[in-house]
Amino acid sequence: SVPGISGRAPASWRSPVRGTRDDGTSGDRAESEVMPDETDSSTTSRPQPAAARAATSTDVTPLSRSLARAFATDPVWEYLCGGNFSRFEQLAVPFFEREVRHNLELGGVTTTEGVHAGALWAPPDKWKLGVMDVAKLAPSAIRLFGRRLKLSLSVLAETDKVHPTEPHWYLG
């Protein structure tokens, strides 16, 4: 087990919101428990999902910047990086560039027009990094995780223990 990691996210990571429960009472609930009020006009017109397309080599840097921005407020990344996010995006871009390039080689990167979002997919049995891939990722990982590199590797080892064994596409 990894120190500080339990099966449930700390309460500070869950955002309470006011809402009406199924039984008609009201009170604070986690965002995931709130159902939109069907009479509320603000919930009837939802933004349409962006169309996905295959990423190309020209998307590597903009997609890496987008991923760095997306994970800059992620609680798990905050834990792994020690909560010092003043330089997170700057340090994370080279890390994500290596990850995007690796997944491009596997043929599993999608993005949107404008490269505002993306997904890195590894085909079945290709999700685990080889020795050369780890060597390529190491410099940016050392800069990103710093003194918490050992902790980050132990968290990765713990998650690998519960990784599904049946063939599947892996969203990285």
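Residues numbered from 1 in each chain as written. Predicted model: local features only at pLDDT ≥ 70, side-chain atom pairs only at ≥ 80, totals over all residues. Heavy atoms only, no water.

1. Here's the deal with the pairing of strand S4 (residues 109-112)
- Alignment of strand S3 (residues 52-54) against S4, held across 3 bridges, turns out to be antiparallel. When the bridges of S4 are listed, Ala52 appears paired with Thr112.
- Note that S4 and strand S5 (residues 118-122) share 3 bridges and pair antiparallel. Directly across from Thr111, in S5, lies its bridge partner Gly118.
- Taking the residues between adjacent antiparallel strands as the criterion, S4 and S5 are bridged by 5 residues, where Gly114 takes a positive phi near 85 degrees. (Pairing = 2+ DSSP bridges. Helix = DSSP H or I, 4+ residues; strand = E, 2+ residues; numbered from the N terminus.)

2. Quick look at the layout of surface pockets
- There is about 1,200 Å³ of room inside the largest pocket.
- Around the largest pocket, the lining comprises 37 residues; the ones closest to its centre are Phe95, Glu99, Leu129, Leu156 and Tyr170.
- Mapped onto the lining of the largest pocket, the elements with two or more residues apiece are helix H1 (60-71), helix H2 (75-81), helix H3 (88-106), S5, helix H4 (131-145), helix H5 (149-161) and strand S6 (170-171).
- Per-element tally for the lining of the largest pocket: the top contributor is H5, with 7 residues.
- Grouping the constituent residues of the lining of the largest pocket by class yields 26 nonpolar, 7 polar and 4 charged. (1 Å grid on protein atoms, 1.4 Å probe; cavity = no way out; pocket = protein on both sides within 12 Å on 5 of 7 lines; lining within 4 Å. Points joined across faces, edges and corners; volume = space filled by probe spheres on them. Nonpolar A, V, L, I, M, F, W, Y, C, P; charged D, E, K, R; others polar.)

3. With respect to the sheet that holds S6
- Taken together, 4 strands build an open sheet; the order of strands is S3-S4-S5-S6 and the sheet is antiparallel. Pairing within the sheet leaves two strands with one partner each, and these edge strands are S3 and S6.

4. Describing the packing of H3 against H4
- Contact pair H3 / H4: the axes reach a minimum separation of 8 Å and the direction vectors enclose 165 degrees. Put simply, H3 runs roughly antiparallel to H4. For the element pair H3 and H4, the recorded crossing hand is left-handed. Residues Phe88, Leu91, Ala92, Pro94, Phe95, Arg98, Glu99 and His102 of H3 form the contact with H4, whose own contacting residues are Asp133, Lys136, Leu137, Ser140, Ala141, Arg143, Leu144 and Phe145. (Axes fitted to C-alpha atoms, helices over the stretch in contact; angles between N-to-C directions. Parallel < 35°, antiparallel > 145°, perpendicular 65-115°, else oblique. Left-handed = near helix turned anticlockwise from the far one by under 90°. Contact = heavy atoms within 4.5 Å.)

5. Some details on the packing of aromatic side chains
- Applying the stated rule across the entire model yields 8 aromatic pairs.
- An angle of 75 degrees between the planes, with centres 5.8 Å apart, marks the rings of Trp77 and Phe95 as edge-to-face. Taken together, the positions of Trp77 in helix H2 and Phe95 in helix H3 put the pair 18 residues apart, joining distant regions of the chain.
- Assessed through its relative accessible area of 9%, Phe95 is described here as buried.
- Ring centres of Trp77 and Phe145 lie 5.9 Å apart, and the angle between their planes is 20 degrees; this geometry places the pair in the stacked category. With Trp77 in helix H2 and Phe145 in helix H4, this pair connects stretches of sequence that are 68 residues apart. Of the two residues examined, Trp77 and Phe145, each falls in the buried class.
- Across the ring face of Tyr79, the terminal group of Arg148 is positioned such that the distance to the ring centre comes to 5.2 Å. (Phe/Tyr/Trp six-rings, centres within 6.5 Å; stacked < 30°, edge-to-face > 60°. Buried < 20%, exposed > 50% of the residue type's maximum accessible area, 1.4 Å probe, protein only. Lys NZ or Arg CZ within 6 Å of the ring centre and 35° of its normal.)

6. Considerations on H3
- The terminal C-alpha atoms of H3 lie 27 Å apart, and with 19 residues this matches the ideal 27 Å at 1.5 Å per residue to within 8%.
- Its axis deflected by about 25 degrees at Pro94, H3 carries its strongest bend there.
- Those residues of H3 lying buried are Phe88, Leu91, Ala92, Val93, Phe95, Phe96, Glu97, Arg98, Glu99, Val100, His102 and Asn103.
- Looking at the buried positions of H3, the neighbouring elements they touch are H1, H2, S4, S5 and H4.
- Downstream of H3 by a residue or two, Gly107 has a phi angle that is positive, lying close to 80 degrees. (Expected span 1.5 Å × (residues − 1). Bend = angle between axes of the 7 residues up to and from the residue.)

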